[in-house]
Structure formats: C-alpha cells, structure tokens
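Each chain, written out:
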Amino acid sequence: MAQAMQRQSISLLATDGKPHPLQDTLLAITLVLGAVSFVTAFFHNLHLLTSWTGLIGILTGAYGQFISETTRERFALIIGLGAAGIGFFLGMAHGGLFGGWLG
C-alpha cells in the first residue's frame with residue numbers, strides 16, 4: 001500500500017510520471033514557431049518572418065529531440081519540426097533570411 005500513497009506529479013506530455021519542464025517548454029516553442037512559419041509561408045511578402053521563425057523552430061526542435069525523454073514529446077516535436085521546415089524552405093524560396101539586404 002505504500003505505492004498507493006505516493007504523490008505523482010501529472011504532466012500532459014510526460015508518460016513516465018515525472019515532470020519535464022525544459023522539454024515541455026521547447027515543445028511549446030517549437031510548435032508555436034512551426035505554426036507561425038507554416039502559416040506565413042503562404043504569403044509571399046512575409047518571407048523574412050517565415051524563414052527566421054522556421055530556422056529558429058528547426059533549431060529548438062532539434063535540441064528538444066536531443067533531450068526528449070518520452071514518446072509523446074518526440075511525436076509532437078516532429079510535428080513542429082515538419083511545419084517549421086516547410087515554412088523555412090518556402091521562406092528561403094521566396095526571398096531568404098535577409099531578403100536582398102546583403103546584395
């Protein structure tokens with residue numbers, strides 16, 4: 001009965017019963033940046049926002065994958081990475097990270 005009395009912290013994305021605040025934060029950042037990058041990729045004149053949010057989303061998602069501990073975290077990070085990648089590549093095709101500022 002000692003196991004029944006243990007207090008467990010509940011995290012939405014942790015299936016092992018332990019809190020993962022850093023991984024959850026990186027996951028949320030990756031999903032938000034991926035969504036912004038993906039949505040703004042449909043507008044040709046927003047290529048600066050699209051490419052930069054995509055690049056930062058890819059970097060945070062890659063680091064999140066490196067330190068993730070549960071399958072749920074990895075699954076959601078892949079969704080965010082995919083959206084950020086699509087947005088990044090479309091932003092690069094529409095004008096790039098600097099948009100002609102460097103010549």
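Given the structure is predicted, the values throughout are model-derived calculations rather than measurements.

(A) Inspection of the overall build of the chain at higher detail. Scanning the chain from terminus to terminus reveals 4 helices and 0 strands. Looking at the chain residue by residue over its 103 residues, the buried ones come to 37%. By element, 72% of the accessible surface of the chain is carried by carbon and sulfur atoms, the whole surface being about 6,700 Å².

(B) Main features of helix 4 (residues 71–94). The end-to-end C-alpha separation of helix 4 is 35 Å, in line with the 34 Å expected for 24 residues at 1.5 Å each. Regarding helix 4, the residues found buried are Glu73, Ala76, Leu77, Gly80, Leu81, Ala83, Ala84, Gly85, Gly87, Phe88 and Gly91. Where helix 4 is buried, its residues touch helix 2 (21–40) and helix 3 (47–67). Phi for Gly96, located one or two positions after helix 4, is positive at around 90°.

(C) Structural detail: a nonpolar patch on the surface. A cluster of nonpolar side chains, Val32, Val36, Phe38, Val39, Phe42, Phe43, Leu46, Leu49, Ile86 and Leu90, forms an exposed patch at the surface whose accessible area comes to about 860 Å². Elements with a minimum of two residues in the nonpolar patch: helix 2 and helix 4. The leading source of residues in the nonpolar patch is helix 2, at 4 residues. Along the polypeptide, Leu49 turns up in helix 3.

(D) Summary view of the side chain of His47. Checked against the element boundaries, His47 lands in helix 3. His47 sits in the buried class, given a relative accessible area of 14%. When residues no more than four places from it in sequence are discounted, the contact partners of His47 are Gly91, His94, Gly95, Gly96 and Gly99.

(E) Representation of the environment of Leu81 in the model. With respect to the helices, strands and loops of the structure, Leu81 is situated in helix 4. Here Leu81 falls in the buried class, since its relative accessible area comes to 19%. For the pair formed by Leu81 and Gly34, sequence separation is 47 residues and the distance between their alpha carbons is 6.5 Å. Leave out the neighbours within four places in its chain, and Leu81 touches Thr30, Gly57, Ile58, Gly61, Ala62 and Gln65.

(F) Quick peek at the packing of aromatic side chains. One pass over the structure, following the stated rule, counts 3 aromatic pairs. Residues Phe38 and Phe42 carry aromatic rings whose centres are separated by 5.3 Å and whose planes lie at 85° to one another, so their mutual orientation is edge-to-face. The partly exposed category is assigned to Phe38, whose relative accessible area is 33%.

Each value, and the rule that gives it
- Residues numbered from 1 in each chain as written.
- Predicted model: local features only at pLDDT ≥ 70, side-chain atom pairs only at ≥ 80, totals over all residues.
- Heavy atoms only, no water.
- Helix = DSSP H or I, 4+ residues; strand = E, 2+ residues; numbered from the N terminus.
- Buried < 20%, exposed > 50% of the residue type's maximum accessible area, 1.4 Å probe, protein only.
- Areas by Shrake-Rupley, 256 points an atom, 1.4 Å probe, with all protein chains shown as cover.
- Expected span 1.5 Å × (residues − 1).
- Contact = heavy atoms within 4.5 Å.
- Patch = residues over 30% accessible without salt bridge, like charges linked within 9 Å, V, L, I, M, F, W, Y side chains within 5 Å.
- Salt bridge = Lys/Arg side-chain N within 4 Å of Asp/Glu carboxyl O.
- Phe/Tyr/Trp six-rings, centres within 6.5 Å; stacked < 30°, edge-to-face > 60°.

All quantities given are derived from atomic positions and should not be read as evidence of function.
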